[in-house]
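Here is how the chains run, residue by residue.
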Amino acid sequence: MVFSKICVIGLGYIGLPTAAILASRKLQIIGVDVDPKVVSTINSGKIHIIEPDLDILVQSTVNQGFLRAYTTPKQADAYIIAVPTPFGENSSPNLSYIESASKSIAPFLEPGNLVILESTSPVGTSEKMADWLAGERPDLTFPQSHGNKAEIRIAHCPERVLPGYIIRELVENDRVIGGISEACAISAAELYKTFISGVCTLTDIRTAEMCKLVENAFRDINIAYANELSIICDDLGINVWELIELANRHPRVEILKPGPGVGGHCIAVDPWFIVSQSNGKAKLVEMARNVNDGKPSWVINKVDQAVQKLKSTDKHHTSFKLACYGISFKADIDDIRESPALRIALELSDKYPGNVYITDPCVSELDRVYRDRLQMVPIEQVSDADIHVLLVDHNSFRQGKPDTGIIVDTRGIWSQI
């Protein structure tokens with residue numbers, strides 16, 4: 001099948017780069033986002049997120065007329081859904097964004113259309129999406145009932161990209177493509193081959209969904225080991241950064257670096273999807289999640305100890321200045337989704353009102369709920385802080401550690417200077 005017009009639902013960290021890359025292949029791309037501000041920004045040739053090279057790509061494809069953003073979908077040959085899949089209470093998955101996106105495109109479906117779910121999802125979500133679409137369009141046939149002969153094809157193709165390298169990895173990385181039927185998977189592969197150089201491997205739709213969850217749970221478990229190791233070493237008076245460097249000299253050992261926790265839209269969320277469907281069998285996956293979710297509390301306790309140490313050295317010390325370095329979930333990006341650094345900064349700001357200052361060169365805009373609780377300042381204004389808490393290893397923070405004050409380094413970049 002020839003795809004000339006593609007509708008991408010959700011213009012966030014995955015949807016927008018995907019839309020821009022497709023548009024760079026001279027395809028007509030309809031981008032859809034519920035936020036009018038996002039739509040306006042993109043249509044002016046600008047971007048609302050930080051990602052290297054994305055601004056150039058969006059500006060070029062918008063100016064050439066291949067990319068246009070809207071708040072509602074339009075008719076297309078294929079639809080790619082890339083909306084959030086957060087978790088709700090008790091870490092249960094929230095599929096409302098996918099359901100809403102599915103129902104929004106249903107009126108525009110025509111025989112021969114392809115619908116791809118890229119959103120990372122619990123196993124079975126793509127089949128639910130197919131049922132939602134079928135419920136909205138009983139006049140069309142779908143693969144859950146008509147297999148390869150269905151008029152609408154449904155596939156799942158999770159992304160595997162690293163923020164900061166999204167444009168390159170969307171093109172170069174291999175893709176796992178699952179279809180409700182074989183024809184669905186083949187059709188989706190034809191679309192992805194228009195812009196990727198990696199290998200497209202076809203499978204069934206449930207295996208494709210589980211593959212992404214397993215990949216991120218694997219990483220979460222390895223990070224949990226590093227984070228737990230840092231806690232143990234702190235109790236034993238051992239420099240965990242030196243220890244890891246020494247242990248990694250073993251030819252078959254590669255311990256990751258610890259941090260203040262785990263954040264982002266994937267690793268901090270996806271393992272819970274496995275836990276929610278495991279009937280208590282995902283014991284190691286759940287334990288790793290609890291270790292990583294508990295690390296921010298440990299960091300806050302270390303800061304509390306620093307505050308008490310500061311006060312004990314000066315009985316008349318009635319106020320102090322506490323600086324938090326970074327609130328994004330990883331270095332050199334502006335993404336704060338599920339960020340442990342943000343959680344720590346918020347809790348410290350609430351605990352020590354008026355004393356806590358936040359600096360982050362990558363995060364320029366915050367929702368009002370965060371803006372009202374955090375004192376954001378340039379890095380120059382925290383050089384005289386009494387306590388320096390390094391939460392994110394932005395490159396700008398690597399230039400040198402503070403000359404004075406107590407240091408709580410959760411990333412190890414000052415501990416080794």
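Scroll up for the structure.
How each quantity is defined
Here the residue numbers are simple positions, counted from 1 along each chain's written sequence. At least 70 in pLDDT is required for a residue's local features to be given in this predicted model, at least 80 for side-chain atom pairs to be given and counted, and no such filter applies to totals for whole chains, interfaces and linings, which use all residues. No hydrogens and no water enter the side-chain calculation; it runs on all heavy atoms of the structure. The way it works is that DSSP assigns letters per residue, a run of H or I at least four long becomes a helix, a run of E at least two long becomes a strand, and they are numbered from the N terminus. This radius of gyration counts C-alpha atoms alone. The globule rule is 2.2 Å times how many residues there are, raised to the power 0.38. Throughout, a residue-residue contact means that at least one pair of heavy atoms, one from each residue, lies within 4.5 Å. Values of accessible area rely on a 1.4 Å probe in the Shrake-Rupley scheme; residue burial ignores everything except the protein chains shown. When charges are counted, Lys and Arg are positive and Asp and Glu negative, with His and the chain ends excluded. Taken as the charge location is NZ of Lys, CZ of Arg, CG of Asp or CD of Glu. Two strands pair under a simple rule: DSSP has to find at least two bridges between them. Note on geometry: axes are C-alpha line fits, over the in-contact stretch for helices, and angles between N-to-C directions span 0 to 180 degrees. Roughly parallel means an angle under 35 degrees; roughly antiparallel means over 145; roughly perpendicular covers 65 to 115; every other angle is labelled oblique. Note: crossing handedness is left-handed where the near helix turns anticlockwise from the far helix by less than a right angle, and right-handed where it turns clockwise. Each residue gets one of three labels, nonpolar for Ala, Val, Leu, Ile, Met, Phe, Trp, Tyr, Cys and Pro, charged for Asp, Glu, Lys and Arg, and polar for the others, Gly among them. Classification of ring pairs uses Phe, Tyr and Trp, with its six-membered ring standing for Trp, and accepts pairs whose centres are within 6.5 Å; under 30 degrees between planes counts as stacked, over 60 as edge-to-face, and the remaining range as tilted. Burial classification: accessible surface area is computed with a 1.4 Å probe over protein chains only, and a residue below 20% of its type maximum counts as buried, one above 50% as exposed, and the rest as partly exposed.

**Considering the overall build of the protein chain**
Then step 1. If you tally the helices and strands in the protein chain, you get 14 helices and twelve strands.
Then step 2. Taken against the 2.2 N^0.38 rule, which gives 22 Å for 417 residues, the C-alpha radius of gyration of the protein chain at 23 Å falls within 12% of a compact globule.
Then step 3. Within the protein chain, counting contacts between residues at least 6 apart in sequence, those at least 24 apart form 70% of the total.
Then step 4. Carbon and sulfur atoms form 51% of the exposed surface of the protein chain, whose accessible area is close to 19000 Å².
Then step 5. Averaging the locations of the 41 positively and 52 negatively charged side chains of the protein chain gives two centres separated by 1 Å.

**Points about the sheet that holds strand β12 (residues 406–409)**
Then step 1. On the basis of which strands lie adjacent, the open sheet formed by four strands has the order β10-β9-β11-β12 and parallel pairing. On the outer flanks of this sheet lie β10 (356–359) and β12, each paired with one strand and no other. This sheet shows a mean twist of 15° between the axes of neighbouring strands, independent of strand direction.
Then step 2. Bridge count for strand β11 (residues 387–390) against β12 is four bridges, and the pairing is parallel. By the bridge assignment for β12, His388 is matched with Ile407.
Then step 3. Of the strands in this sheet, β9 (322–325) and β10 touch helix α13 (residues 340–351), which is tilted by about 155° from β10.

**Here we look at the packing of helix α9 (residues 205–236) against helix α12 (residues 283–313)**
Two quantities define a packed helix pair, namely the angle between the helix axes and the distance between the axes.
Then step 1. Packing of α9 against α12 brings their axes to within 8 Å, and their N-to-C directions diverge by 40°. Relative to α12, the element α9 lies oblique. Classified by chirality, the crossing of α12 by α9 is left-handed. For the pair α9 and α12, contact is made by Ala217, Asp220, Ile221, Ile223, Ala224, Asn227, Glu228, Ser230, Ile231 and Asp234 and by Leu284, Val285, Ala288, Arg289, Val291, Asn292, Lys295, Trp298 and Lys302, respectively.
Then step 2. When the residues that make up the contact of α9 with α12 are grouped by side-chain class, the tally is ten nonpolar, three polar and six charged.

**Comments concerning the packing of aromatic side chains**
Then step 1. In this structure the tally under the stated criterion is four aromatic pairs.
Then step 2. When the ring of Tyr192 is compared with that of Phe195, the centres are 5.7 Å apart and the planes differ by 50°; the resulting orientation is tilted. Exposure class is identical for Tyr192 and Phe195. Each is buried.
Then step 3. Relative to Tyr352, the ring of Phe320 lies with its centre 5.6 Å away and its plane at 75°, an arrangement referred to as edge-to-face.

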